[in-house]
Amino acid sequence: MTLNVRVSGTLGDFVAANIGNDGAYENVSEYVRDLIRRDMERADREAFDRLKAELTQAFAAPESSYRSLDADTVIRRNARRGE
């Protein structure tokens, strides 16, 4: 995939300061790839944190609040969430 992005002003200055001999990256493409990787990692962390919070809440619930579900019910419920 090829992306064309125009940055100017403060953003352009910031990018330029991070590129080349004085910066942490050799070129803009390397910098953008690293930003995307970091954003992917952030999204994964957030998804994991949400899952962990849901599981913590579920395991903290009293056993009397649990109800039995069969596989078909779970599949139907999850299919509706994806709509």
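Relevant structure appears above.
Residues numbered from 1 in each chain as written. Predicted model: local features only at pLDDT ≥ 70, side-chain atom pairs only at ≥ 80, totals over all residues. Heavy atoms only, no water.

Our next topic: the overall build of the chain. In terms of regular secondary structure, the chain is built from 3 helices and 0 strands. Scanning the chain from its N terminus toward the C terminus, one meets helices and strands in the order α-α-α. The C-alpha radius of gyration computed for the chain amounts to 22 Å, which surpasses the reference 12 Å derived for 83 residues by more than 25%, pointing to a less compact arrangement than a globule. For the chain, the spread of C-alpha atoms along the three principal axes comes to 65 × 30 × 20 Å. Sorting the 83 residues of the chain into buried and exposed places 8% on the buried side. Entry remark: accessible area of the chain is about 7,800 Å², with carbon and sulfur atoms responsible for 53%. Positive and negative side-chain charges in the chain, numbering 13 and 15 respectively, have mean positions lying 6 Å apart. (Helix = DSSP H or I, 4+ residues; strand = E, 2+ residues; numbered from the N terminus. Rg over C-alpha atoms; globule rule 2.2 N^0.38 Å. Buried < 20%, exposed > 50% of the residue type's maximum accessible area, 1.4 Å probe, protein only. Areas by Shrake-Rupley, 256 points an atom, 1.4 Å probe, with all protein chains shown as cover. Lys, Arg positive; Asp, Glu negative; His and termini not counted. Charge placed at Lys NZ, Arg CZ, Asp CG, Glu CD.)

Now for the environment of Ala61. Structurally, Ala61 can be placed in the loop between α2 (28–60) and α3 (71–81). What makes Ala61 partly exposed here is its relative accessible area of 25%. Taking the C-alpha atoms as reference points, Ala61 and Asp72, 11 residues apart in sequence, are found 24 Å from one another.

End to end, α2 covers 48 Å across 33 residues, agreeing with the expected 48 Å (1.5 Å per residue, within 8%). At the N-terminal boundary of α2, the capping side chain belongs to Asn27, with an oxygen 3.1 Å from the backbone nitrogen of Ser29. (Expected span 1.5 Å × (residues − 1). Polar contact = N/O pair within 3.5 Å; in protein donor to acceptor, adjacent residues only side chain to side chain.)

To continue, consider the pattern of salt bridges. The final tally for this structure, using the stated rule, is 3 salt bridges. Of the charged contacts in the structure, one is a salt bridge between Arg42 and Asp39, with a shortest N-O distance of 2.6 Å. With a gap of 3 residues between them, Arg42 and Asp39 both fall in helix α2, about one helical turn apart. When its relative accessible area of 32% is taken as the criterion, Arg42 is described as partly exposed. (Salt bridge = Lys/Arg side-chain N within 4 Å of Asp/Glu carboxyl O.)

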